[in-house]
Amino acid sequence: MCKTIQDRTIIFLLVLTALMLIVSVPVRSFAGGTSPLVSTSWLDKHKSDKAVVIVDVRTSANYGFAHIPNAVSIPYSELEPKSKTGLFVIPDEKRINQMFQQAGINNNSHVVVYAHGNTVSDASKAGAAYWIFKAMGHKNVSMLNGGFTKWTFEGRVVTNTAPNKKAGNFKAKRDASLIADFDEVSKIVRKGGAVLMDARNSIQYFGHEKRADVTCYGHIPGAINLPADFLSNAGINRAPATIKDKKDLQKMVTGVGVPKAKSTPVIVYCNTAQLAGLNYLVLKDILGYKNVKVYDGSMLEYCRVRGKLPLERFSWSINAQKNL
Amino acid sequence: MHPKIHISFAAALIAAMLVCAGLCGPRQASAAKGLVTIEWLSKHINDKGLVILDVRTFPKYIKSHIPGAVRAFGPWQTMNEDYVGFMMPPVAQLENMLRQYGVSNDSFVIIYDQGMTSSDTAKSARALWTLHYLGHTKCAILNGGFNAWEQREKPLTSKPTVPLTGNFKASVNQNKLITLDQLKKKLGKKGCVIVDLREPHHHFGHEKKSFIPVFGHIKGSLLMPAAYMTIGGQDFSPAYLRDKNSLLHMAKGSGIPSDTNIEIIVYSNTGLQAALGYFVLNDILGYKNVRLFDGSMLEASKDKHVPIVRYSWGWNDYKTK
């Protein structure tokens, strides 16, 4: 008797372990679908999966020199091209469809985006690409944690030949719940109703310096500062730009003044919406804030069209929470 | 004819008044308290009682310096006997050092540094704070330092100045300094304003200096980076101090109350950047009760009783969420 019970227990445990493995291996499950981050080892195992489309958002020259096997090239400069007015914004759906279909992306593909992984600027290119896929209605997206830098540090295989991809059936459906425009931002400046978060470094946020093509110093009134730099390990003991762990990220987000309630609406911006993409990924899909948008026009637009709306310079917007 | 005469008379009167405002005022009127301009110094460089201290490194001084300036590299800060902080040397030693620089109690001391970045200006500010602590308030920083002087093509020399020994005697003002033990009694108390002068990524704890053992800031401290107080490096500019109005905005935007009688404690990693904070708050903005925590993070981080917080802005530390 005793023996059979033991055997049964062992079998039960084996089955349970197998089940857990099955559940966890293909796509690491996460609240709301795909995990926002995948590791290099995961991607190495799944780089040839039919459902996986690896998107390299570095320049085409970088891509041509060496990339992850099976990766297709969509340079970041195509995802947020410079418009006639000098802004960097997502192109129209037609152009997006053309690019994504040509890259072999289907509506049910699992897209994994990556950029270089040396600096936060690299990581945020992948982060912004991640946001753009989501904003174009694609649910199943992940970002490669640590990017191409971590991949090559670990001695994984690279290639310079582009894969043969059949055109995909991707169809963009712009998701307005993830994109903020100037009208919405100006309403919040006047009446409150959401946390405004500036993802630039503190030098620019505080208005000590500014980017050359941005025409004003300082930040949108009431915005709090969480520099995208703080979210990654880039540069610390020469680490690649991997994202810090969830516990630290939550600590930081509350430490800069975002309420703990996950229903708190947050609008993230920077100069062009690139850095903001990384804050979006962290807030929305790692920490689970439900209502996070990126202001695509960002400071580049705000400075030009703000009219009588004020700016805040030489201040940390210490009483920003009153805005809510 | 009459109206014309009147007009020219009035014009002459106004012109005379303008000239007078420029020339007839008291000698140091053109300089804000604690700060002199290149123009002021080049006019007054031969004034009796003026002592110019060059706080740059020895090789730089030897290469070229402002005529009459004394090599005054210090040390303004040394490792103290407990090896816990990079602190002010003993008073007797400083007194002796200043006498050798030619400082007397009635000297007007002008301090200058390389003038490239805010960290350079902080070196001047540290010397100025030391003089204030020793009871000597007749001193000022040369705005823009050596770089500004050089950029305006003012005369330079490589001939070292050999000063006559001064008769400086210190009368210490303890209110300029706060020790670790005194600070600990104030932590978390109402009305205690502690200001961190380091850069935001050090305050936040994203990075730290290798010689500081912990990440983050003293709990509840405000943040007013010394690095933002000058325009050094912007469009190749020397490190001119920002104008008073901008600095006032910065203090307000950092959460420092506008009452100039409140007690403010400034700190940084080693007390160097903190000195620039002291200078701006005390000399430029007129706060009357600014004290420098000389041990700064180097000392505080080794004491278990000082709460250090990482991954937050200090002003959020005591907020309930």
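Residues numbered from 1 in each chain as written. Chains lettered and ligands numbered in written order. Predicted model: local features only at pLDDT ≥ 70, side-chain atom pairs only at ≥ 80, totals over all residues.

Turning our eyes to something else, we now look at unusual backbone geometry. With an omega of 15 degrees, the peptide bond between B:Gly74 and B:Pro75 qualifies as cis. The phi dihedral of A:Ser317 falls on the positive side, at around 50 degrees, and the residue is not glycine. In this structure, A:Ser317 sits in the segment after α12 (298–305). The backbone phi angle of B:Tyr311 is positive, close to 65 degrees, even though this residue is not glycine. (Helix = DSSP H or I, 4+ residues; strand = E, 2+ residues; numbered from the N terminus.)

Glancing now at the confidence of the model for chain A. Within chain A, residue pLDDT values average 91, and 89% of them lie at 70 or more. For the stretch residues 19–32 of chain A, pLDDT sits under 50, and the model shows seven contacts to residues farther than four places along the chain or on other chains. (pLDDT = per-residue confidence, 0-100. Contact = placed C-beta atoms within 7 Å.)

Moving on to the domain arrangement of chain B. Residues and elements named next belong to chain B. Domain boundaries assigned for chain B yield domain 1 (28–151) and domain 2 (174–316). For domain 1 and domain 2, the distance between their C-alpha centroids amounts to 22 Å. Listed by partner, the interface residues are 30 residues for domain 1 and 28 residues for domain 2. Sorting the residues of the side of domain 1 that touches domain 2 by element identifies β5 (86–87), α5 (118–133) and α6 (145–151) as the ones contributing at least two each. Ranked by the residues each element gives to the side of domain 1 that touches domain 2, the list is headed by α5, at ten residues. Residues of the side of domain 1 that touches domain 2, tallied by class, amount to 14 nonpolar, 13 polar and three charged. (Domains from an automatic or database assignment. Nonpolar A, V, L, I, M, F, W, Y, C, P; charged D, E, K, R; others polar.)

So, about the packing of helix α6 (residues 120–135) of chain A against helix α11 (residues 274–286) of chain A. Residues and elements named next belong to chain A. Running from N to C, α6 and α11 point in directions that differ by 70 degrees, and their axes come no closer than 7 Å. Taken together, the axes of α6 and α11 lie roughly perpendicular to each other. Considering how the two elements wind past one another, α6 and α11 form a crossing that is left-handed. For the pair α6 and α11, contact is made by Ala123, Ser124, Lys125, Gly127, Ala128, Tyr130 and Trp131 and by Gln274, Leu275, Gly277, Leu278, Tyr280 and Leu281, respectively. (Axes fitted to C-alpha atoms, helices over the stretch in contact; angles between N-to-C directions. Parallel < 35°, antiparallel > 145°, perpendicular 65-115°, else oblique. Left-handed = near helix turned anticlockwise from the far one by under 90°.)

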